[in-house]
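Structure assessment
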Amino acid sequence: MRIEEIKPSQRKKGRFLVKLEGGEILRVTEEELLRFGLRPGEELDDGGLEALRQSAKASSVKAAAAGMIGRQALSKAELTRRLVRRGAEASDAQAAADWLEGIGAVDDPAYAAALARHYGQRGYGPARVRQELQRRGVSRELWEEALGELPDSSGILDALIQKRCRGDLSDPREIKRLSDGLMRRGFSWGEVKAALSRYTELQEE
């Protein structure tokens, strides 16, 4: 297969368009131009052409991965899943995620800690944070360290009860309404029960 033309991409900085005989266009990096020794008029044998196609595909997935991470923090597993959903082969997606992890652009421990702080500041408890960490593909071995970023649950619960209590906590229906809502936010029944007791004592003083 003969290379008819090579020109810089107008849309992607650092990328080049390699137009092949028959109209196929491969998008490659400058490093690939040098590594494969590409130039207009060159004939590529079947093996060389396939190697170039695979390399161009992998570098395109890396570029897409870098763009995703540049727009939004993601776990390594989230990034891999999104790349596959966009049509990347699993091996290319994994290689791109490994590459970004290697240069520090993907950092699951830091991501898990930031996620815990975010939900803690919004008034959510440990169970909800664990649920989010699992949903976002963060490894279980990172959960406990991330949960250490959460603020003290008692202070959050006291503030939430002050804000949400609508009446006398001698009413079982009010206790159930408050308790259910707080447990849905990721707090345990023991934590909620203790907070309700603190609120009752405060009201009685």
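See the structure above.
First, a word on scope: everything that follows refers to the structure included in this document. All figures in this text were calculated on a predicted structure; none of them were measured in a lab.

Attention now goes to the overall build of the chain. In terms of helices and strands, the chain carries ten helices and three strands. Listing the helices and strands of the chain from first to last along the sequence gives β-β-β-α-α-α-α-α-α-α-α-α-α. Its C-alpha atoms give the chain a radius of gyration of 27 Å, more than 25% over the compact-globule value 17 Å for 205 residues. Judged by the C-alpha coordinates and their principal axes, the chain covers about 90 × 25 × 25 Å. Every one of the 205 residues in the chain was classed for burial, and the buried ones make up 39%. For the chain, the accessible surface area stands at approximately 12200 Å², while carbon and sulfur atoms represent 49% of it. Counting 36 positive and 34 negative side-chain charges, the chain places the centres of these two groups 6 Å from one another.

Moving on, we come to the environment of Phe187. In this structure, Phe187 sits in the loop between helix 9 (172-184) and helix 10 (189-204). Under the relative-accessibility criterion, Phe187 is labelled buried at 3%. The spatial distance from the C-alpha of Phe187 to the C-alpha of Gly125 is 4.8 Å, given a sequence separation of 62 residues. Other than its neighbours up to four places away in sequence, Phe187 contacts Gly123, Tyr124, Gly125, Pro126, Ser153, Ile156, Leu157, Leu160, Leu182 and Val192.

What follows concerns the packing of helix 2 (residues 46-71) against helix 4 (residues 90-102). Contact pair helix 2 / helix 4: the axes reach a minimum separation of 9 Å and the direction vectors enclose 55 degrees. Between helix 2 and helix 4, the crossing angle belongs to the class labelled oblique. Considering how the two elements wind past one another, helix 2 and helix 4 form a crossing that is right-handed. Across from Lys57, Ala58, Val61, Lys62, Ala65, Ala66 and Ile69 in helix 2, the residues of helix 4 making contact are Asp92, Ala93, Ala96, Trp99 and Leu100.

What follows deals with the packing of aromatic side chains. Applying the stated criterion across every chain yields a total of one aromatic pair. Measuring from ring centre to ring centre gives 5.7 Å for Tyr119 and Tyr124, while their planes differ by 65 degrees; the resulting arrangement is edge-to-face. For the pair shown, Tyr119 and Tyr124 are each scored as buried. A cation over a ring is seen here: Arg185 above Tyr124, with NZ or CZ 4.1 Å from the ring centre.

Here is what the cut-offs are and how they apply
- Note on numbering: residues in each chain are counted from 1, in written sequence order.
- Totals for whole chains, interfaces and linings use all residues, but because this is a predicted model, local features are given only for residues with pLDDT of at least 70 and pairs of side-chain atoms are given and counted only at 80 or more.
- As a rule here, side-chain values come from all non-hydrogen atoms in the structure, and water together with hydrogens is ignored.
- Secondary structure elements are taken from DSSP: a helix is a run of H or I of four residues or more, a strand is a run of E of two residues or more, and numbering for both begins at the N terminus.
- We compute the radius of gyration over the C-alpha atoms and compare it with the globule rule, which gives 2.2 Å times the number of residues raised to the power 0.38.
- Burial here depends on accessible area, computed with a 1.4 Å probe over protein chains only, as a share of the maximum for the residue type. Under 20% is buried, over 50% is exposed, and the range in between is partly exposed.
- Using a 1.4 Å probe, the Shrake-Rupley method yields the accessible areas, and only the shown protein chains count as cover for residues.
- For the purpose of counting charges, residues Lys and Arg are taken to be positive, whereas Asp and Glu are taken to be negative. His and the chain ends are not included.
- For the purpose of locating charges, the reference atoms are NZ of Lys, CZ of Arg, CG of Asp and CD of Glu.
- Whether two residues touch is decided by their heavy atoms; if any such pair falls within 4.5 Å, the residues are in contact.
- Angular values range over 0 to 180 degrees, each being the angle between N-to-C directions of two axes fitted as lines to C-alpha atoms, with helices fitted over their stretch in contact.
- Any angle that falls under 35 degrees is termed roughly parallel, while one over 145 is termed roughly antiparallel, one within 65 to 115 roughly perpendicular, and all others oblique.
- Each crossing is labelled by how the near helix is turned from the far one, with a counterclockwise turn of less than a right angle marking it left-handed and a clockwise turn marking it right-handed.
- What counts as a ring pair is set by centres within 6.5 Å for rings of Phe, Tyr and Trp (its six-membered ring), and what kind of pair is set by the plane angle: stacked under 30 degrees, edge-to-face over 60, tilted for all other angles.
- Here, over-ring charges are defined by two tests on the NZ atom of lysine or the CZ atom of arginine: distance to the ring centre within 6 Å, and angle to the ring normal within 35 degrees.

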